[in-house]
Amino acid sequence: MGQVIIGVDPHKLSATVEVVDQNEQLLGAGRFSTDQTGYAAMRLYARSWPERLWAVEGANGAGHPLAQRLLEAGENVVDVPAKLAARVRLFDTEQNRKTDALDAHSIAIVAGVRTQGLRVLKVDGELEALRMLADRREALTRRRVASVNRLQALLAELLPGQAKKDITTGTG
């Protein structure tokens, strides 16, 4: 089997994918949440096709975070403009009925067979830096909460019934 194209219709809370081959035959489809669990499930699902190209609609907008995650994982990703996908959907279905599955299919068709010269995406260094800062902040917050909890437990042990009740993670 040759390369497949995975068309992705991204939204804030979910991403719908359709997998097509070079003959525009549907090989698979699914809907995944955009959280860590959903992203991992989507990547696991895509492993069935070792030679794959991800086509993400709106990689500068709603699809940007997903596209960057895929790039960081070493995947090949192209950006499909929404207007191109809408044209394919209109011509293929002869109607302008819009569903996530039809959108994902149209995105895959645009990237796979009918359009040359789509923008090939690269890792966004600024986004990666922001992600690293956010991860570090989250780790520091977890440490602070753990420290306050330990302090509360120690005070309750040393001074039963007299522990300071206004110590919180927000107390500086």
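Residues numbered from 1 in each chain as written. Predicted model: local features only at pLDDT ≥ 70, side-chain atom pairs only at ≥ 80, totals over all residues. Heavy atoms only, no water.

J.: Account for unusual backbone geometry, with residues named and values stated.
T.: Here E24, not a glycine, exhibits a phi torsion of approximately 65°, which is positive. The topology assignment puts E24 in the loop between β2 (14-20) and β3 (26-33). (Helix = DSSP H or I, 4+ residues; strand = E, 2+ residues; numbered from the N terminus.)

J.: Just give me the short version of helix α2 (residues 64-72), but keep the residues and values in it.
T.: Working note: α-helix, 3.6 residues per turn, so residues spaced by three or four point in the same direction. By the burial criterion, the buried members of α2 are L66, A67, Q68, R69, L70 and L71. Buried residues along α2 sit in contact with β1 (4-10), β2, α1 (36-46), β4 (52-57), β5 (77-80) and α5 (125-158). Positive backbone phi, approximately 90°, marks G74, located one or two places after α2. (Buried < 20%, exposed > 50% of the residue type's maximum accessible area, 1.4 Å probe, protein only. Contact = heavy atoms within 4.5 Å.)

J.: I'd like to hear about a nonpolar patch on the surface, residue by residue, with values.
T.: A cluster of nonpolar side chains, namely L154, L158 and L159, defines an oily patch on the protein surface of about 280 Å² accessible area. When you line up the elements, L158 lands in helix α5. The class for L158 is exposed, based on a relative accessible area of 57%. (Patch = residues over 30% accessible without salt bridge, like charges linked within 9 Å, V, L, I, M, F, W, Y side chains within 5 Å. Areas by Shrake-Rupley, 256 points an atom, 1.4 Å probe, with all protein chains shown as cover. Salt bridge = Lys/Arg side-chain N within 4 Å of Asp/Glu carboxyl O.)

J.: Describe the confidence of the model for the protein chain, with residues and values.
T.: Considering every residue of the protein chain, the mean pLDDT works out to 82; 83% of them sit at 70 or more. Mean pLDDT across the elements of the protein chain bottoms out in helix α3 (residues 82-93) (66) and peaks in β3 (94). (pLDDT = per-residue confidence, 0-100.)

J.: Could you give an account of the pattern of salt bridges, naming the residues involved and the relevant values?
T.: Opposite charge on two side chains allows them to pair when their charged atoms are near. Under the definition given, this model contains three salt bridges. A salt bridge links E75 to R43; the nearest nitrogen and oxygen atoms lie 3.4 Å apart. Of this pair, E75 sits in the loop between α2 and β5 while R43 sits in helix α1, and the two are 32 residues apart along the sequence. Taking the shortest distance from any N to any O, the salt bridge between E138 and R142 comes out at 2.8 Å. Placement of the pair is E138 and R142 together in helix α5, with a separation of four residues, close to one helical turn. A residue is classified by how much of its surface remains accessible, and E138, at 46% relative accessible area, is partly exposed.

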